[in-house]
Amino acid sequence: DHGFRLYTTSCSSCHGDAAVSGGITPDLRSPPLLASDSFYDVVLGGVLKTQGMVSWSPVINHDDAADIRAYLIHRAHQTQQQKADHEPWTG
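The model shown is predicted, which means the values in this text are computed figures rather than measured ones.

Asker: I'd like to hear about helix α1 (residues 2-10), residue by residue, with values.
Answerer: Listing the buried residues of α1 in full gives G3, L6, Y7 and S10. One side of α1 carries all its buried residues, which in axial view fall inside an arc of 100°. Residues of α1 that are buried make contact with α2 (12-15) and α4 (62-86).

Here's what the structure looks like:
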């Protein structure tokens, strides 16, 4: 819940409602970034500042970023399940 609330207030205006991007910014449900600690380098460290993703460290701490990451992983799993549920049966 905390990650969802933080995402909604801090991230959704650029990365989309429920982490579904409109196509201009990255869709955060699928990048390999979620699987590594590089997520924190981007969100807190500002390593993608030149691409427009500034550091959020003045606003959120590492625990907050971890909660946002957990929410994004949850959304990625939901999306994978939805895709699997809609695949045609080939048995």
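Asker: Which residues make up the side chain of S12, and what values go with them?
Answerer: Checked against the element boundaries, S12 lands in helix α2. What makes S12 buried here is its relative accessible area of 18%. Among residues more than four places away in sequence, those in contact with S12 are Y7 and D17.

Asker: Summarise the pattern of salt bridges; cite the residues concerned and give the values.
Answerer: Under the counting rule described, the total for this entry stands at two salt bridges. The salt bridge involving R29 is made with D27; its shortest N-O contact spans 2.6 Å. Under the relative-accessibility criterion, D27 is labelled partly exposed at 22%.

Asker: Provide a residue-level description of α4, including the pertinent values.
Answerer: With 25 residues, α4 should reach 36 Å at 1.5 Å per residue; the first-to-last C-alpha distance of 36 Å fits that figure. When α4 is considered as a whole, its buried residues turn out to be D64, A65, I68, R69, Y71, L72, R75, A76 and T79. Where α4 is buried, its residues meet α1 and α3 (38-43). Measuring from the side-chain oxygen of the N-cap residue of α4 to the backbone nitrogen of D63 gives 3.0 Å; that N-cap residue is N61.

Here is what the cut-offs are and how they apply
Residues numbered from 1 in each chain as written. Predicted model: local features only at pLDDT ≥ 70, side-chain atom pairs only at ≥ 80, totals over all residues. Heavy atoms only, no water. Buried < 20%, exposed > 50% of the residue type's maximum accessible area, 1.4 Å probe, protein only. Helix = DSSP H or I, 4+ residues; strand = E, 2+ residues; numbered from the N terminus. Arc of directions from axis to C-beta. Contact = heavy atoms within 4.5 Å. Salt bridge = Lys/Arg side-chain N within 4 Å of Asp/Glu carboxyl O. Expected span 1.5 Å × (residues − 1). Polar contact = N/O pair within 3.5 Å; in protein donor to acceptor, adjacent residues only side chain to side chain.

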